[in-house]
Amino acid sequence: MAETTAIPIAPEVTLLRGHVAPTGPLVAAIGRIAAQAPFRQLSTPGGGTMSVAMTNCGPWGWHSDRRGYRYVELDPLTGARWPPMPAPFARLAREAAALGGFPGFEPDACLVNRYVPGAQMGAHRDWDELDKRFPIVSVSIGLPAAFLWYGATRRGRPLVTLVEDGDVVVWGGGARAGFHGVRKLQAGEHPATGALRYNLTFRRAK
Ligand code: MD3
Ligand code: FE
């Protein structure tokens, strides 16, 4: 959708509202990924369990356990490589990054997050990637959620942006180091996903 409006929500953070429509094909592709690499709730170094369930596709997958956060080539659950990144995923990430001001983005990792009502993501920054010059592209699917943007520190009141099915957020440059999170998902029904929200996070890990 080349006609998408690019809405700057913070310096070097761009919201492409409704960029993906319909999202049904993405949901179908997520189903095929999860058939090979099931969703799981990861442990954190602090000993907690994340409320968001995750899986990955592409050469590198993000993983967390008692030992820390890192990218792995093999799914620790199955011992197999992560499912390949579907060509339409890579194309979507590349085109969205360009619209957000970051041409030439070739992701090698796609983290798939699955939120049930009550699931949330606390303030953090994405910092496990080797080269911080690459942007990050996030695609929201299904139930709406409140994105929280804290910026340079996790203190203070975040900027709140409601993200809905088909919305894409691109951030890079100085915003690459920004703290962000997702507010607790509210219950609801969405035609594409039922009672769920998915988020695809495209990154260049290595
Ligand atoms: C830009 N995932 O997996 S993308 C992650 O919805 C992660 O699952 C989030 O953060 C998710 O590491 C969202 C990141 C994000 C969050 C809030 C923002 C980007 C933002 C708020 C404003 C601008
Ligand atoms: Fe993040």
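Parameters and conventions
Residues numbered from 1 in each chain as written. Chains lettered and ligands numbered in written order. Predicted model: local features only at pLDDT ≥ 70, side-chain atom pairs only at ≥ 80, totals over all residues. Heavy atoms only, no water. Helix = DSSP H or I, 4+ residues; strand = E, 2+ residues; numbered from the N terminus. Rg over C-alpha atoms; globule rule 2.2 N^0.38 Å. Buried < 20%, exposed > 50% of the residue type's maximum accessible area, 1.4 Å probe, protein only. Contact = heavy atoms within 4.5 Å. Areas by Shrake-Rupley, 256 points an atom, 1.4 Å probe, with all protein chains shown as cover. Lys, Arg positive; Asp, Glu negative; His and termini not counted. Charge placed at Lys NZ, Arg CZ, Asp CG, Glu CD. Donors = N, O, S within 2.8 Å, 3.2 Å for Na, K, Ca; no water.

Visitor: Please clarify how the overall build of the protein should be interpreted in this entry.
Guide: Summing up its helical and strand segments, the protein has two helices and 13 strands in all. Scaling as 2.2 N^0.38, a compact globule of 206 residues should have a C-alpha radius of gyration of about 17 Å, and the protein matches this with 16 Å. Counting only C-alpha atoms and orienting by the principal axes, one finds that the protein spans roughly 40 × 35 × 35 Å. Counting only residues that meet the buried cut, the protein has 51% of its 206 residues in that class. Of all intrachain contacts in the protein linking residues separated by at least 6 positions in sequence, the fraction that spans at least 24 positions is 71%. By element, 55% of the accessible surface of the protein is carried by carbon and sulfur atoms, the whole surface being about 9500 Å². Computing the positive centroid from 23 side-chain charges and the negative centroid from 16, the protein places the two 7 Å apart.

Visitor: Could you clarify how one ought to interpret the coordination of the iron ion (ligand 2) in this entry?
Guide: The reference angle at a metal is 109.5 degrees if four donors form a tetrahedron and 90 or 180 degrees if six donors form an octahedron. In the first shell of the iron ion (ligand 2), the protein supplies His124 (NE2), Asp126 (OD) and His180 (NE2), at 2.1 to 2.2 Å from the metal. Each donor residue of the iron ion (ligand 2) lies on one chain, and together they are spaced H-x1-D-x53-H. In this pair, Asp126 sits in the loop between strand S7 (121-124) and strand S8 (136-142) while His180 sits in strand S12 (residues 179-182), placing the two residues 54 residues apart along the sequence. Judged by its relative accessible area of 6%, Asp126 falls in the buried class. On the accessibility criterion, His180 (13% relative accessible area) is buried.

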